[in-house]
Amino acid sequence: MTRKYKFAKIAPQIGVNPTPDSTPNNTPYYTDMDKMRFYDGVLRKIGGFQQFQTEGAAITGVARRIFSYYYSGKFYYLIGTHTKLFELVQGVVTNITPLKTTGVTLGANPMTFVNTSKVITIADTLAGRANGDRVKISGVGGAVRGVPQAEMEKEHIISGVVASTSFQITVTTAATSGGTGGGAGVTVFSEIDDGFIDYELGFGYGGGKYGVGLYGVGKAFVNTFRKPRIWRMDRFGNDVVLTPGDGGKVYIYQNNNATAPTVLTNSPAAADIVFVENNAVCVCYGNTFYASDLGNGTVWTPSPTNLSYFDAIEGAEEFIAAVPVREGVLLYTTNQVWSARYVGQSSGLWSFDLVDTTAGLISPLSALSINGIAYWRGTNKWHTYDGGVVRQIPATAKQFVDNNRSDAQYYKSFIRIVKQFNEIWFHYPTTSEPNAYEIYNYVDGTFAIGTLDRTAAEHPYQADFNPVAIDSSNALWRHEVGVNAGSTALSCFAKTNFFMLGGGDSTMRVFGIRPDSTQVGNLDFTITTKLYAQSTDSRTFGAYVITPTSEKVDVDAHGRLVQYRFSQDAIDEDFIMGGWYQGLQEGTIQ
């Protein structure tokens, strides 16, 4: 004998709690999802994204940082890859990779001119140059074959490479005769060396005990590693200060792509991070903190007449990131969190306090500040700080993320903000590059998970802007635009928990569904049933097609435990969950 139940609401709690954080039948939350979010207490599809169309230089290398700002009526995007630095303004990409401060002097008269041509071929002793590289030419002995000296002695983008031992530049004045020239002092300044693409142990002789291993075979150093290049950038007045990190120099960019960023005068010789606090340019290298004079980024030597500063912070590990908070800035290591504050001349200029010894960062770009409150992803926990003490954020998908991330490449992880939906996205790699995400809604306190190929993203200049991100093929995407993934469908799904009637004393039959959605296009609805929580056998019913006007759907699914799956896979589809109801009937199988 069976008893018919009234329709009951399908009501898992908002948030995701996947295995191994919980078993699917021991959680009240959703258990798996992709391309869906929770906002205002409701499950919904994430926004779409459109490719950012550009012209000019091709972005090369793997992007690790996008820094955006507004200057003189234009939006600027600085894109740092492991090999170069690019500027994107009004859709035009320009290579602005900084140049070395020491050049290479070429042989006598290395420049070849062709009559009536604006292209100059330069014989070069340095192989490996490529089209699109930036170089600076100096030491030309005056005008040559009708080409003014000033047109040659400046920065150029290489327009051609000849037999790998010569490169070409293009000037604005055509040569009046053919032949060679330039004199004996032509000097070429090249781009700074490439950074590393991956995080890896260093290799070489001396890495192990003498005589261990085969002669000529590198042995891994115990404490030596290579870090992927991650640019750090911040505004200083109208300009941008930046460093490639990992002991690189500090540069300043003055919003003119005719000249690459130049070394900031008198700045520290090596930097891991650079940021601006209290109108001073601040640099950390290892555990040493440097600050320029207030308002003057070229004064770094402390004296009674300025407010510059430096000190090795006793007990601190290597600083890898800095995030502004309400009172000063938080400095992070992989384990520690420090507070740094400008306290004035009478108190020693800067004050440093150790805030926490276990809540460090998983990666240099895994922290941000919202309204003076810091949020970050640690090695295996989420944290926040609004003054006082560091608080751990309970995360329902913590073990899932930690188990799936790449232990070798997690240093590439980064977070970005989507303020329209109160979200912080943590992008992390499961293989080589970031290809998965964890969303934290800092208002609802919920988490969502999914997959997406993105290696870097901006923190938008304004809260309501659509954030720009870049993928591993260097395609730029503007997010939260429409409902599609460019010209293709943005597929999404969400799975509920497994639920049962009462204590599961009997089976049940699902006989009907009453949908309620704000919906564009069709929705696929699937039912999965099992007899016991650890059953290896399960049954799938559907998928049932739910149209935007479906009033009810007759189904016939049986089992002790029941799980629902919602999905969309076609272009232009969208979905916001409403109050769905299920018709349940108690079964007779005990």
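About the criteria used
Throughout this document, residue positions are counted from 1 along each chain, in the order its sequence is written. In view of the model being predicted, local features appear only for residues whose pLDDT reaches at least 70, and side-chain atom pairs are presented and counted only at 80 or more, with totals across whole chains, interfaces and linings using the full set of residues. Side-chain metrics rest on all non-hydrogen atoms present in the structure, leaving aside hydrogens and water. DSSP-based pairing: two strands are paired if at least 2 bridges between them are found. Only DSSP runs of H or I reaching four residues or more are called helices, and only runs of E reaching two or more are called strands; each is numbered from the N terminus. In what follows, residue pairs with any heavy atoms lying within 4.5 Å of each other are defined as contacts. pLDDT measures the predictor's confidence residue by residue and takes values from 0 up to 100. Two rings belonging to Phe, Tyr or Trp (six-membered ring only in the last case) form a pair when the distance between their centres is within 6.5 Å. Interplanar angles under 30 degrees mark stacking, angles over 60 mark edge-to-face geometry, and anything in between is tilted. When a residue's accessible area, from a 1.4 Å probe over protein chains only, is under 20% of the maximum for its type it is buried; when over 50% it is exposed; and in between it is partly exposed. Here, over-ring charges are defined by two tests on the NZ atom of lysine or the CZ atom of arginine: distance to the ring centre within 6 Å, and angle to the ring normal within 35 degrees.

Strand order in this open sheet of 4 strands is β7-β46-β45-β44, and the pairing throughout is antiparallel. On the outer flanks of this sheet lie β7 (49-51) and β44 (456-457), each paired with one strand and no other. The pairing of β44 with strand β45 (residues 468-470) spans 2 bridges and is classified as antiparallel. For A457, the partnering residue across the bridge sits in β45 and is A469.

Moving on: the side chain of R454. Structurally, R454 can be placed in the loop between β43 (446-451) and β44. Excluding residues that lie within four positions of it along the chain, R454 makes contacts with F49, F414, H427, P434, A469, I470, D471, W477 and H479.

Right, let's get into the confidence of the model for the protein. In the predicted model, the protein carries a mean pLDDT of 92, and 94% of its residues have values of at least 70. Confidence over residues 204-215 falls short of pLDDT 50; this stretch has 12 contacts with residues more than four positions distant or in other chains. Here residues 218-223 is modelled with pLDDT under 50, and outside its nearest four sequence neighbours on either side it reaches 19 contacts, counting other chains as well.

Turning to the sheet that holds strand β11 (residues 85-89), a few remarks are in order. With mixed pairing, 5 strands are arranged side by side in an open sheet as β8-β12-β11-β10-β9. Two strands close off the open sheet at either side, each with one partner strand: β8 (55-56) and β9 (63-71). Where β8 and strand β12 (residues 92-95) come together, 2 bridges link them in parallel fashion. Paired with G56 across the bridge in β12 is V93.

Moving on, we get to the packing of aromatic side chains. Counting across every chain of the model gives 32 aromatic pairs. Residues Y39 and F421 carry aromatic rings whose centres are separated by 5.0 Å and whose planes lie at 80° to one another, so their mutual orientation is edge-to-face. Residue Y39 is located in strand β5 (residues 36-39), and its partner F421 is located in the loop between β40 (414-418) and β41 (423-429); the two are separated by 382 residues in the primary sequence. Given the relative accessible area of 14%, F421 is considered buried. Between W425 and Y437, the ring centres sit 4.6 Å apart and the planes meet at 40°, which makes this aromatic pair tilted. Note that W425 is positioned in strand β41 and Y437 in strand β42 (residues 434-441), a separation of 12 residues in sequence. Residue classification places Y437 among the buried residues on the basis of a relative accessible area of 0%. Against the face of Y410 rests R405, its NZ or CZ located 5.5 Å from the ring centre.

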